[in-house]
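Observations on the three-dimensional arrangement
Residues per chain, in single letters:
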Amino acid sequence: MHEVNNSINNLTQVSFEFDGIALSIRKEKAVWMPALKVLLIADLHFGKAAHFRKSGIPIPEPIHDADLSQLNKLQEELQPTQTYFLGDLFHSDWNSQWDYFNVFFESVSHY
């Protein structure tokens, strides 16, 4: 059992076919559909650091930098024609992370 768990922890993606469409579930909380060149992303929660800090819970803002870096890596590697966000993109009401997010997507719009 320990050997299986180690193998699972080292996986970067799990690929399978559903209804004739190849899908790869990736460790980045993403699903890649290579035939359609579609990337599905879930649960980014931009703005969660500021939201928690308002409640007195110390979470550093650079947590979102890692998310954007990971998203950029996916965009560069896969070069999707479309990227869909499946929910929980932002953690709470409008927050300053919208501005960072828009700047990020302007920078990757050439993919």
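Look up a bit, the structure's there.
My aim in this report is to walk through the structure given alongside it, one point at a time.

Broken down by element type, the chain carries four helices and five strands. Reading the chain from its N end, one meets helices and strands in the order α-β-β-β-β-α-α-β-α. Burial statistics for the chain: of 111 residues in total, 27% are counted as buried. Contacts in the chain between residues far apart in sequence, at least 24 positions, make up 51% of those at least 6 positions apart. By element, 56% of the accessible surface of the chain is carried by carbon and sulfur atoms, the whole surface being about 7,500 Å².

Right, let's get into the nonpolar core. Residues Ala30, Trp32, Leu39, Ile41, Leu44, Leu68, Leu71, Leu74, Leu78, Phe101, Phe104 and Val108 constitute the largest nonpolar core, which totals twelve residues. Of the residues forming this core, the biggest block, four residues, is contributed by helix 3 (residues 63-78). Apart from residues lying up to four places away in sequence, Leu74 is in contact with Arg26, Glu28, Ala30, Leu39, Ile41, Gln79 and Pro80.

Reading the values: rules and limits
Residues numbered from 1 in each chain as written. Predicted model: local features only at pLDDT ≥ 70, side-chain atom pairs only at ≥ 80, totals over all residues. Heavy atoms only, no water. Helix = DSSP H or I, 4+ residues; strand = E, 2+ residues; numbered from the N terminus. Buried < 20%, exposed > 50% of the residue type's maximum accessible area, 1.4 Å probe, protein only. Contact = heavy atoms within 4.5 Å. Areas by Shrake-Rupley, 256 points an atom, 1.4 Å probe, with all protein chains shown as cover. Core = buried A, V, L, I, M, F, W, Y, C linked by side-chain atoms within 4.5 Å.

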